[in-house]
Amino acid sequence: MTIFCSHCHRPLQAEMSCLPRRDTQVPSASKPFRSTKSASKARRDQINVELQALRSLLPVSAREKERLSYLHTMALVCLRLRGAQMFPPDSAAATEPILGAELLSLLPGFLLVLSATGKLVYISENVAQILGLSVVELLAQGDTVFDILDGRSQEEARKKLLLAQDQPGREVTFVSEMRTSKAFRLQHGGNRAVAVCGHFRALRWPPSPSTTAFLALCTPVARLPADGDAISQDDLFQSTHLLDMTFADVTESVTYHLGYHREELIGQSWYSLLHPEDAELAAAQHRAVALCPAGAGAGASTAVLRVLRRDRSWAWLRVSARRDGGGHAIICSSRCLR
């Protein structure tokens, strides 16, 4: 059966000749379509206009706006959007912690607000006094709290945030090294150790991940010493433990750091002094050292833990543990972090 063209009533094979001709190039592997320079420039100009409009809306000074790069602009915009979503201005929960410079100067640290996934929602301006980085410079590191932590601290921070999220209202504390400016590292020899103390709070009811925030105060502590650092004996005390971490001996300097007399601790379990939140971390350190072959010496392990003082307050200790030469005991060197 012959099919005829609807335009000229000729057989179908002649249909192509009766259609209007178009001088359109067909893209091929050798000649793909390419945008023209003028089209690319128009797109860039449009992006620049949008970025300038976003930059003009940011609540920062005109001088700061002039210094903002595209990356910094987008980082600040995202931070403000997350804050507006969590603290809507027209809601009863509009309690975003925007504080004046005078009030912030009275705090021992800076304020930090995180989303349920660890995204940065708010950082108080006095962070520059502690880390040497402004809010804008800190955001250049990334948009989550894990991006501003030293790599070794990230896993412990994740565990603590999960613990706090599972039990809203429960206060958790962890010590992490936070990234600092180059000038700060040159002056102080490294990043800064910060104690993060906070809890998750539902801002609206019913609670959901998008309306739950982690509110924390970040307080600087003494710099965590590197393993090779020379440390004065006045800054630490040493203890000897049986393989189950019962105190077998401890130096007299423990009285200065924790308030106990040597005789009070001998025979007690190390775990009886630990903060409940740090028991799991201490147990992991204990296992790592106890399972190390006797005499290996390389089984040393370090952890930052809270230990109960005699006056019932908590002391932050950086504890380095290792097996002794005979493998029958565990030696701990503990330095107080203030």
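Report on the accompanying structure. Counting restarts for each chain: residues are numbered from 1 in the order of the written sequence. Per-residue local features of the predicted model are confined to residues with pLDDT of at least 70, and side-chain atom pairs are confined, for both listing and counting, to 80 or more; whole-chain, interface and lining totals are unaffected and use all residues. As a convention, hydrogens and water are excluded, and side-chain values are obtained from all of the structure's heavy atoms.

## Quick word on the overall build of the chain
1) Next: Assigned secondary structure in the chain consists of 12 helices and 10 strands.
2) Next: Buried, partly exposed and exposed residues are distinguished by accessible area as a fraction of the type maximum, computed with a 1.4 Å probe on protein chains only: under 20%, between the cut-offs, and over 50%, respectively. Burial status across the chain gives 40% buried among its 338 residues. To qualify as a helix, a DSSP run of H or I must reach at least 4 residues; to qualify as a strand, a run of E must reach at least 2; elements of each kind are numbered from the N terminus.

## Quick look at the pairing of strand S10 (residues 330-337)
1) Next: Of all 8 residues making up S10, 7 are buried, and the element is well covered by its neighbours.
2) Next: Strand pairing requires that DSSP identify at least two bridges connecting the strands. Two elements, strand S6 (residues 236-241) and S10, share 6 bridges in a ladder whose sense is antiparallel. Its bridge partner lying in S10, glutamine 238 is registered against serine 333.
3) Next: Taken together, the 8 bridges between strand S9 (residues 314-323) and S10 define a ladder with antiparallel strand orientation. The residue of S10 that forms the bridge with valine 319 is serine 334.
4) Next: In this structure, the hairpin formed by S9 and S10 is closed by a connection of 6 residues, where glycine 327 is found at a positive phi of approximately 80°.

## Considerations on the environment of histidine 257
1) Next: Mapped onto the elements of the fold, histidine 257 is located in helix H10 (residues 254-258).
2) Next: With relative accessibility at 3%, the residue histidine 257 sits in the buried group.
3) Next: For the pair histidine 257 and serine 334, spaced 77 residues apart in sequence, the C-alpha separation works out to 9.6 Å.

## A few points about helix H2 (residues 37-57)
1) Next: Under the convention used throughout, the expected extent of a helix is 1.5 Å for every residue step, that is, one less than its residue count. The first and last C-alpha atoms of H2 sit 31 Å apart over 21 residues, in line with the 30 Å expected at 1.5 Å per residue.
2) Next: Among all positions in H2, only Ser40, Leu51 and Arg55 are buried. All buried residues of H2 lie within an arc of 50° about the axis, which places them on one face of the element. Along H2, exposed side chains directed more than 90 degrees from the buried face belong to Ser38, Val49 and Leu57.
3) Next: The inward-facing, buried residues of H2 abut helix H3 (62-67) and helix H4 (70-86). Note that the arc is computed from the directions linking the helix axis to the C-beta atoms. We call two residues in contact when some of their heavy atoms are within 4.5 Å.

## Remarks on the pattern of salt bridges
1) Next: Salt bridges are defined as contacts in which a side-chain nitrogen from Lys or Arg sits within 4 Å of a carboxyl oxygen from Asp or Glu. Applying the stated criterion across every chain, the model contains 9 salt bridges.
2) Next: One salt bridge in this structure joins arginine 262 and aspartate 249, with 2.8 Å as the shortest N-O distance. Pair noted here: arginine 262 is in helix H11 (residues 262-265) and aspartate 249 is in strand S7 (residues 247-250), with a separation of 13 residues, a long-range link.
3) Next: Relative accessible area serves as the criterion here: at 24%, arginine 262 is assigned to the partly exposed category.
4) Next: Judged by its relative accessible area of 31%, aspartate 249 falls in the partly exposed class.
5) Next: The closest approach of N and O atoms between arginine 306 and aspartate 278, which form a salt bridge, is 2.9 Å. Of this pair, arginine 306 sits in strand S8 (residues 301-308) while aspartate 278 sits in the loop between H11 and helix H12 (279-290); the two residues are 28 residues apart in sequence, bridging distant segments of the chain.
6) Next: For aspartate 278, a relative accessible area of 2% translates into the label buried.

## Quick look at the side chain of threonine 144
1) Next: Tracing the backbone through its elements, the reader meets threonine 144 in the loop between helix H7 (135-139) and helix H8 (154-166).
2) Next: You can call threonine 144 buried: its relative accessible area is 14%.
3) Next: Side-chain polar atoms of threonine 144 contact the side chain of aspartate 147, separated by 3.0 Å.
4) Next: Threonine 144 has contacts with Gly118, Lys119 and Leu120, leaving out every residue within four places of it along the chain. In protein, a polar contact requires one atom able to donate a hydrogen and another able to accept it; more generally it is a pair of N or O atoms within 3.5 Å, and residues adjacent in sequence count only if both atoms are side-chain atoms.

On their own, these measurements won't tell you what the molecule is for.
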